[in-house]
Amino acid sequence: MNHSKDESLLTESSREKMEKWAAAQAKGEKIEIDVYGKPNAQQIKELENVRNISKELQENLHELENTVRNADVENEAMTPSAPILDFSEDHEFVSANKLDNYYAEEDIADAKEEEKRKLTKGKAPMTEIQKFYKDQCVFLTGGTGFLGKVLIEKLIRSCKDVDTIYVLIRPKKGIDGTKRLHNLLDDFLFQRAHEENPKGIHKVVPIQGDMELPGLGLSDEDRKTLISKVSIIINAAATVKFDEKLSVSVGINVRGTKEVIRLAKECRNLKAFSHVSTAFSNTYVKHIEEKFYEPSMSVEALEAVSELDDGLIEEILPTLLGKYPNTYCFTKAIAEEGVRKYGEGMPICIVRPSIVISTYEEPVRGWTDSVYGPTGLIIGMGTGVIRTMYMDLNKVADMVPVDLTVNAILASAWYTAKHFKENQTSNIPIYNYVSGAQNPVTWGDFIELNRKHGMDKPTMKAVWYYGLNATNNYYMFLLYNIFLHYIPALLVDMYSALRCRRRVMLKLYGRVMKIANILFYFSTQDWRFNDDNVREMWRSLSSADRAVFPFSIGDMSWDYMTETFLIGIRVYLVKDDVSTLPEARKKWNRLYYMHQLLKITTLSLVLYLGYLFIQLLSGLLLG
């Protein structure tokens, strides 16, 4: 609608009213003035005309759309090559009810996600597990290890009302326990915890001690503090080196566990004790249930043997180990016997995780600081260093993310305290926290998933293009090892010597093969695990606790996990920033063409040598 200059939208009368209103406001007076007045009949009629025209235009547009659409349908129907159109509800038309259901489901999903966000950010009412840890003093061993760090972080971030987290820590390399703990809490892993609970760092208190020493090496004052205040104990300390000296393994895994139980018995307010073992503590059994197995030696006998001279122990070690593959599995099995013997009548449980790998989601995706097990294998493959591996690709690779493992451990303490009256005798609950029982993945599938995601996320540290020749034939592996590892390493070292550079490749492969040898036992066989207790514990959790402390392996995606796994390795272990990806991809492409050229050259050389051999053989036969 057009207006002439004298038909101003703001009339003289309206101006006067507005001036009166402004003057009243300036004096602080409250008056009611109808500035614009009521619309007249002409204005109402014009507005109705505009609405009618708009409605007519919409109807015309709708009719035009239908006409065009019908013409397109008729044309396609007359065309032999046109696809058959599907007018089912799922494609062309959707009923109003289906739309309502769809949007209702979306609203429910959004509400659940928002509720989960509030729960994980601590902006919702406390869950049952969070209430359990409220005002409690936790004593943690193994706090500086891979698993222990994530335990501390989770307690700070998700159990904000915990009173104190006492961490047993020993001096190392001239750095005292307090300084080591402060350095640990400055790690990137704790960034989210600092942001969501800034005061939480002050609840982590170092306790000077050592798992290998009598009485854990505690001072009298510290021991009195722990006895009077601690109500929850998580014993996660262990030496995870599979080839560790027996004396060291016994000192930490067996004697240390015994000393922690002794301390727990003195604690006046003890509610729960979770001992972290391993799913591979009884590998001589093919079907591992959630129960105790008879050890080959008593705790006291093994402690006595460990006092012998190291040289003598090395000589008799194969006999001592017997059906166990290494000192780690052996001592963890004896430690479980110690829990059964000395933990009777206590609110105690055992959690048996399988191979623990990087975080699944919390506090950040893919965080890790451990190169043991599959992590070292994938680093070697991704950098082109490992070209062959002795493994059975059809066997199950039993691995669990560290953050889900931590949630299961924290839940196990709550669950043990809750059901302690039912377990006052020797019926100590055991939880096999494994992936193979609910969500198995084979070594072949795991490597293929890593290859799929790794091709798009190469590292600048790569020395050659990816190419793994896995075999379950040990003699074939030895052959591959010579031609794919040691001969190239020898050539590179010879070249380095000519250029007066350090020769490192042969030494590198020596270390790589030492780590790989440890993995052989687990990559060439698998086990069947029972995890009924874990499933029952998960079912007992409220929806809120499931959001804050998720540990259901059945809900985990291996595709998502391997992508996460690779990102974490690249960023946290290889120290390759994500910003270097474009340059890394260019280098990866160059390595690919070099790899293909080498294969063609090698094949040509083999064919040529074969031709010469046939010629020589023919000459000898004809001559």
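Please refer to the structure placed before this passage.
Reading the values: rules and limits
- Residues numbered from 1 in each chain as written.
- Predicted model: local features only at pLDDT ≥ 70, side-chain atom pairs only at ≥ 80, totals over all residues.
- Heavy atoms only, no water.
- 1 Å grid on protein atoms, 1.4 Å probe; cavity = no way out; pocket = protein on both sides within 12 Å on 5 of 7 lines; lining within 4 Å.
- Points joined across faces, edges and corners; volume = space filled by probe spheres on them.
- Helix = DSSP H or I, 4+ residues; strand = E, 2+ residues; numbered from the N terminus.
- Nonpolar A, V, L, I, M, F, W, Y, C, P; charged D, E, K, R; others polar.
- Buried < 20%, exposed > 50% of the residue type's maximum accessible area, 1.4 Å probe, protein only.
- Pairing = 2+ DSSP bridges.
- Axes fitted to C-alpha atoms, helices over the stretch in contact; angles between N-to-C directions.
- Salt bridge = Lys/Arg side-chain N within 4 Å of Asp/Glu carboxyl O.
- Patch = residues over 30% accessible without salt bridge, like charges linked within 9 Å, V, L, I, M, F, W, Y side chains within 5 Å.
- Areas by Shrake-Rupley, 256 points an atom, 1.4 Å probe, with all protein chains shown as cover.
- Lys, Arg positive; Asp, Glu negative; His and termini not counted.
- Charge placed at Lys NZ, Arg CZ, Asp CG, Glu CD.
- Parallel < 35°, antiparallel > 145°, perpendicular 65-115°, else oblique.
- Contact = heavy atoms within 4.5 Å.
- Phe/Tyr/Trp six-rings, centres within 6.5 Å; stacked < 30°, edge-to-face > 60°.
- Lys NZ or Arg CZ within 6 Å of the ring centre and 35° of its normal.

Chemist: Explanation requested: empty space enclosed by the protein in the structure shown.
Modeler: Over the atoms, a rolling probe the size of a water molecule traces out where space has been left empty. Scanning all chains against the criterion turns up four cavities of 30 Å³ or more. Its volume calculated, the largest cavity comes out at about 250 Å³. Lining the largest cavity are 18 residues, with Ile378, Gly382, Gly454, Lys457 and Leu566 sitting closest to its centre. Elements with a minimum of two residues in the lining of the largest cavity: helix 13 (374-382), helix 15 (443-454) and helix 20 (558-573). Here the lining of the largest cavity gets four residues from one element, more than from any other, and that element is helix 13. Across the lining of the largest cavity, the residue classes tally to ten nonpolar, five polar and three charged.

Chemist: Just to check I follow, could you spell out unusual backbone geometry for this structure?
Modeler: Glycine aside, residues mostly have negative phi, and peptide bonds are mostly found in the trans state. The linkage connecting glutamate 362 with the following residue, proline 363, adopts the cis geometry, with an omega of -10°. Structurally, proline 363 can be placed in the loop between strand 8 (355-357) and helix 13. Within the chain, lysine 173 stands out as a residue other than glycine whose phi angle is a positive 55°. Within the fold, lysine 173 resides in the loop between strand 2 (164-169) and helix 6 (177-185). Accessibility expressed as a relative area gives 80% for lysine 173, which makes it exposed. Phi angles above zero are rare outside glycine, and cysteine 500 is one such case at about 60°. Of note, cysteine 500 is situated in the loop between helix 16 (474-498) and helix 17 (505-523).

Chemist: Before we go on, may I ask you to explain the layout of surface pockets in this structure?
Modeler: What the second largest pocket holds in volume is close to 910 Å³. Lining the second largest pocket are 24 residues, with Trp464, Phe483, Leu484, Pro488 and Leu598 positioned closest to its centre. Broken down by secondary-structure element, the contributors of at least two residues to the lining of the second largest pocket are helix 16, helix 17 and helix 21 (581-622). Among the elements that take part in the lining of the second largest pocket, helix 16 stands out by supplying nine residues, more than any other. Of the residues contributing to the lining of the second largest pocket, the split by class is 17 nonpolar, five polar and two charged.

Chemist: Any chance you could explain the sheet that holds strand 11 (residues 430-433) here in plain terms?
Modeler: Picture the strands of a sheet paired through backbone hydrogen bonds; they go either parallel or antiparallel. Pairing is parallel in the open sheet, where seven strands are placed in the order 3-2-1-4-5-7-11. Among the strands making up the open sheet, the edge pair consists of strand 3 (204-208) and strand 11. Ignoring which end each strand starts from, the neighbouring axes of this sheet average 20° apart. Sheet topology places strand 5 (residues 272-276) next to strand 7 (residues 348-353); four bridges connect them, and they run parallel. Across the sheet, the residue bridging to phenylalanine 273 is isoleucine 348, located in strand 7.

Chemist: What should I look at first to understand the pattern of salt bridges in this one?
Modeler: As a working rule, side chains carrying opposite charge can pair if their charged atoms are close by. Counted according to the given criterion, the structure contains 26 salt bridges. With a closest N to O distance of 2.6 Å, lysine 149 and aspartate 369 form a salt bridge. Of the two residues, lysine 149 sits in helix 5 (residues 146-158) while aspartate 369 sits in the loop between strand 8 and helix 13, which places them 220 residues apart along the sequence. A relative accessible area of 32% places aspartate 369 in the partly exposed class. We note a salt bridge from glutamate 337 to arginine 340, for which the minimum N-O separation is 2.8 Å. In this pair, glutamate 337 and arginine 340 are both assigned in helix 12 (residues 327-342), three residues apart and thus about one turn of the helix distant. The class for glutamate 337 is buried, based on a relative accessible area of 16%. Each of Glu153, Lys154, Arg157 and Glu362 takes part in salt bridges that share partners, so that together they form one network.

Chemist: Sorry, what's going on with a positive patch on the surface here?
Modeler: Residues Arg502, Arg503, Lys507 and Arg511 make up a contiguous surface patch of positive charge. The topology assignment puts arginine 503 in the loop between helix 16 and helix 17. Classification of arginine 503 as exposed rests on a relative accessible area of 55%.

Chemist: Would you mind going over the packing of helix 14 (residues 402-418) against helix 18 (residues 532-540) with me for this structure?
Modeler: Geometry of a packed helix pair, given as the angle between the helix axes and the separation of the axes. At a minimum axis separation of 11 Å, helix 14 and helix 18 run at an interaxial angle of 80°. As the angle between them shows, helix 14 and helix 18 are arranged roughly perpendicular. Across the interface between the two elements, Ala408, Ala411, Ser412, Trp414 and Tyr415 from helix 14 touch Glu536, Met537 and Ser540 from helix 18.

Chemist: I would appreciate a short explanation of the packing of aromatic side chains in the present structure.
Modeler: The geometry of an aromatic ring pair is captured by the separation of the ring centres together with the interplanar angle, meaning the angle of the planes. Counting across every chain of the model gives 29 aromatic pairs. Seen in terms of ring centroids, tyrosine 521 and tryptophan 527 are 5.9 Å apart; in terms of plane orientation they differ by 40°. Their pairing is tilted. Accessibility expressed as a relative area gives 24% for tyrosine 521, which makes it partly exposed. In this structure tryptophan 527 comes out as buried when scored by relative accessible area, which is 10%. Cluster of aromatic residues (ring-pair linked, three or more members): Phe242, Phe280, Tyr328, Tyr521, Phe522, Trp527 and Phe529. In this structure, lysine 154 is placed above the aromatic ring of phenylalanine 549, and the distance from its NZ or CZ to the ring centre is 5.2 Å. Over the ring of tyrosine 284 we find lysine 323; its NZ or CZ atom is 4.1 Å from the centre of that ring.

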